[in-house]
Amino acid sequence: MAEITLIDAIRQAMDEELGRDESVFIVGEDVGKRGGVFRATMGLFEKYGEERVIDSPLAELSIVGVGIGAALYGMRPICEIQFADFIYPAFNQIVSEAAKMCYRSNGEWTVPMVIRAPYGGGIGGGLYHSQSVEAFFAHVPGLKVVIPSNPYDAKGLLKSAVRDPNPVIYLEPKKGYRLIRGEVPEGDFTVPIGPANVTRKGSDLTVYAYGMMHYYTLQAAEKLASEGVDVEVVDLRTIYPVDKQTVLESVKKTGKALIVHEDNLTGGYGGEIAAIIAEEAFTDLDAPVRRLCGPDVPAVPFSHPLQDWFMPNPDKIAKAMRDLAAY
Amino acid sequence: MATKIIMPQLGESVVEGTVTTWLKKEGDTIAEYDSLLEINTDKVDTEIPSPAGGTILKILVPEGTTVRAGTVLAWIGQPGEEVPAGEPVEALQKTPGPVGEPAEPAVDALRQAQEPVGEPTEPAVDALRQAQAPVGEPAEPPAEPVETQPVAPERDLGFISPVVARLAKDKQVDLNQVKGTGQGGRITKKDVMDYLASGPSTKEAPAEVSPWDTPGEGDLFRPTELMFSTGKPPAVEPAEGQPPVVRQAPQPAPVPAEGKVEDRLIPHTTMRKRIAEHMVLSKHTSPHVTTVMESDFKQVVAHYEKNKEAFARDGVKLTYTAYFAAAAAAALRAFPLVNSSWSDEGVVVHPQVNLSIAVSLGEEGLIVPVIPNADGLSLLGLARAINDIASRARAHRLKPDEVRGGTFSITNHGTSGSLFATPVINQPQSAILGVGAVKKRAVVIDGDAIAVRPMVYLSLTFDHRILDGASADGFLAKVVEILDNWPA
Amino acid sequence: MELSNDTKLEMYWMMLLSRRLDERAWVLHRQGRIAFHISGIGQEAAQVGAAFALRRGEDWVTPYYRDLALMICLGYTPRDFLLALTGKKAEPTSGARQMPSHWSLRKANAVSHSAPVATQCPHAAGIGLAIKMRKEDKVVLTNLGEGSTSQGEWYEAVNWAAIHQLPVIFMVENNQYAISVPADKQMAVPSSADKACGMGLRGISVDGTDVYAVYTTVAEAVAHARAGNGPTLIEARMYRLTPHSSDDDDRTYRSREEVDEAKKTDPLTVARQTLEGEGLLTKAKLEEMEARVKEMVDDAVQFAEKADYPDVADAMFPVYAEEVGRG
């Protein structure tokens, strides 16, 4: 089994899905000849042609809006938003059109589509190439929101997303594109949308994370293990609809919960996990539920010291774990 | 000061690069901005201009090698200058600035998260309260030299988390006994689990309400063979797999996923109101003091085993309650002051011994019918009278007169598994005898021998206005003496 | 593209039926029997003309909320419309989840739409893209008001269709008002069709009160698209003869004289006069048609008022495609 990077896994999934189903196509900015600014679609234009790997005009709402139309017709579009920061022009089409289509037509129309977007900071991208947008979409019934943290899940979840009959927001931790490697089987397999994954068993406290923060959390957990603190790590993977059962089972076991995300603290996704735990596992809690998140400034600043100040990292996560363990 | 050449990060997602060609070799001189090497990355191929002028002191990464962005590739400086050591090739060079110290906002957020807002929440406090007082009513401090059990010193337990409160309640853990290892000595979940793992076996949740107030399903006059069957341990400690005799605390109704269930209001029945009024009145009226002794039930058990068949032939179900009643009636004759009532003018001593026997009506409440002139009845007569009033009480067929005129009360809370308790005095009487569960225990008998004996705790709760410790103890000792020496 | 006499009469019948249904909705609203109505009176000629230029049931349509006459031509029935007005369970487009006149008719390839304007236009471009990718000879008609041509969504959709030469007909029903704002506050050009010139497609303006003129124009654009020659922008000029909706009072922004003047070119009157002039419509025939329309509308009202409301238990579904048919 080959060890490949996160972005290779994403590319493999798209390659295989394009090969499997003729209704699958890719649309986005620079996805064609250039192969995507992150090279996620590298080689696919040459392999499948310009009709199935389409360079869109530089207009995000139409990438999604046109994708919706094609999906209504029976196609399976994979729409690439170049940076999650650029998704807002398409917000109306995602939230008001794609997400509501099934409900508003009482099931007459459905929108099977994937919207891929690289998200997250730590790559020197400043305010507009670093944002985390998951909380906006994890608020919207009708959408599914998926965030892989490793190559295996990235490939398996993307394949599931392409085959899902609903609009799926697929957010890619771009700092991990080439940093996160892992073994991925060649050929077809899927990872189901929905279930979270307990990626590290532990008994002292539970950390909930996804994407890049999950990668860092595992590193921090290793560090804590050497200090005698046994951390359980839950990779949420699908943040909407969330796998409540796994979330609750873990905290009921450990009694302590820390949620890590790089998105801003207030109104961030961690609040939802905290609320679920408070409502349904109150009498299992041995400490207040904690969140380690990006600070409440508009987005990640550019200059490296400022960026480092913004971003959670393994050391900050380890410290938060240590504090919670000592509670 | 030598300058280092690092593998640049040429693109937001690029994490590594390959040195394709060195355009200078070690010892060459180079001007600032002159091309130094060529590299290749996932996204671009490019020449790297030198960040400083000087001599190439050391090339660390040979051509064709792929290293992570930030890796030191070479050093430039003055000829002969020492190259700093301790920079392994694989090391990921970070940008300046302390890495690892948590940033302030994160700390702020954390700090906010750490500080429990205000007081511990009510449910936690409630749970704690229950956990700390597992036997319902707090015991009154004895005013007289009544023998007391050593009690663990009370201490400030600090913040009790929801799960600790729940565990303490479910497992009947006295948190005073648990060593706290959390922040500020707080007792953590792990502390409780460790305590439970190391400590004695635990019990199921106790009843939330004093068992003698609402004995529930417990059969006050449970046939003794069920309560104390041959060779088996007493009912208090159920064999594994059997449902415990102890009543479970009322469980809150399961909360459906969508929304909360409102609290349920059970309107007061007349009986419930009367019980409440009476209990409050009694506690306000009499200074309650409780004294406890134990009795060896060996003789009683032997007598019971020998005679129960004969009683049954007479249509009478013999129960231990009859023995307690008989012993109490005899002791009351010996200590007439206990068979009395308080009045402002003086203590009224009753010539007749009318025994009040508490009978549970399940959730409905309890009623205390009276056996008049109990001191004139034989064991058979007492057993028959108890059978009679208990069955009629449950059928709601007692006459009003049959619940009046009692002079002394007995409550057998042992049927609910209770070992000993501090019952509330049935006004205007002076005392109430509480009878615990009969339980086999290892006891030291004469000659320092250890024997297994069926033992029972007897408690006497008395009105300290009328009785003092010594007289109360004298009465209770008499009851014990009668039971201990029951002629077999 | 010459129309048979029967077809001409059928087109008139569709206009008449739509008009009487629309009028009845106003009456029911003023009687307090329905909660809301948004009207298409004055726009029937353009909608019927365009509908008859399509292969109805094969070609695709992304309509907007004034398209009652278009929907009637596609098989939407008076009973369907009254179920929508009364919010009843059997309402076929959305199970009464949407307000009335938010169309959807799967069997006629008429796509569900929302309320913010021009959102349906990118869908039309996407459907056109899918048709092209599948190498089929269908076309898609998207209707919109002139106010919608101010939206970025419309520009992006037109741009897409023009770049990729998609088989899309954009028909702007220029009824002179976007609620209260007149057309000259929406655009600096005299005709919506003028907007085509900078975007690389044909722009045609036609008298939208003349059903046969609209038919001819749209039929030509459809043939153009079907032949693979790309999209056409058509402006149908007309006048909104009623207030914007049942909640609007148009006397606050336009004079009665202006409305009365417009009534002289009421498309229903124009069509009747044409048919009478051609000897196709006698007084007896007209009376017979009116009687039949009244019978149908009466039946629809009675049917809808007797129908059941939706079950609240069904309101949770279907948010996702997996839930279609549940509840």
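Since this is a predicted model, take the numbers as computed values, not measurements.

Peer 1: A description of the overall build of chain B should follow, citing residues and the corresponding values.
Peer 2: When helices and strands are tallied, chain B shows ten helices and 19 strands. By residue count, 37% of the 488 residues in chain B fall in the buried class. Within chain B, counting contacts between residues at least 6 apart in sequence, those at least 24 apart form 67% of the total.

Peer 1: Account for the overall build of chain C, with residues named and values stated.
Peer 2: For chain C, the count of helices and strands is ten helices and seven strands. Here the contacts in chain C between residues at least 6 apart in sequence split such that 75% fall between residues at least 24 apart.

Peer 1: Go over the nonpolar core with me, naming the residues and quoting the values.
Peer 2: By size, the foremost hydrophobic cluster in this structure holds 228 residues, and its most contacted members are Met321 of chain A together with Met15, Ile169 and Ile234 of chain C. A domain-level breakdown of this core finds at least three residues from each of domain 1 (2-184) and domain 2 (197-326) of chain A. If we ignore the near neighbours within four places in the chain, the residues touching methionine 15 of chain C are Glu44, Ala45, Val48, Ala69, Val211, Pro267, Leu268 and Ala271 of chain C. Counting residues in hydrophobic clusters, the runner-up holds 61 residues, among them Phe324, Ile386, Ala431 and Trp486 of chain B.

Peer 1: Report on the sheet that holds strand β2 (residues 16-22) of chain B, specifying residues and quantitative values.
Peer 2: Residue and element names in this part refer to chain B. Here four strands make up an open sheet; going across it, the order is β5-β4-β2-β7 and the pairing antiparallel. Strand pairing shows two members of the sheet lacking a second neighbour, β5 (45-49) and β7 (66-68), which therefore form its edges. Between one strand axis and the next, the sheet turns by 40° as a mean value, whatever way the strands run. Note that strand β4 (residues 35-41) and β5 share five bridges and pair antiparallel. Bridging across to β5, glutamate 38 finds its partner in glutamate 47.

Peer 1: How would you explain the interface of chain C and chain A if you had to name every residue and give the values?
Peer 2: Listed by partner, the interface residues are 35 residues for chain C and 35 residues for chain A. When contributions to the side of chain C that touches chain A are tallied by element, the ones reaching two or more residues are α5 (120-133) and α6 (152-163) of chain C. Top contributing element to the side of chain C that touches chain A by residue count: α5 of chain C, with nine residues.

Peer 1: Explain the confidence of the model for chain C to me, and be specific about the residues and the numbers.
Peer 2: Here chain C averages 96 in pLDDT, and 99% of its residues register 70 or above. ipTM for the predicted complex: 0.96, alongside a pTM of 0.67.

Quick notes on the rules
- Residues numbered from 1 in each chain as written.
- Chains lettered and ligands numbered in written order.
- Predicted model: local features only at pLDDT ≥ 70, side-chain atom pairs only at ≥ 80, totals over all residues.
- Helix = DSSP H or I, 4+ residues; strand = E, 2+ residues; numbered from the N terminus.
- Buried ≥ 20, exposed ≤ 12 C-beta atoms within 10 Å, placed from the backbone.
- Contact = placed C-beta atoms within 7 Å.
- Core = buried A, V, L, I, M, F, W, Y, C linked by C-beta atoms within 7 Å.
- Domains from an automatic or database assignment.
- Pairing = 2+ DSSP bridges.
- Axes fitted to C-alpha atoms, helices over the stretch in contact; angles between N-to-C directions.
- pLDDT = per-residue confidence, 0-100.

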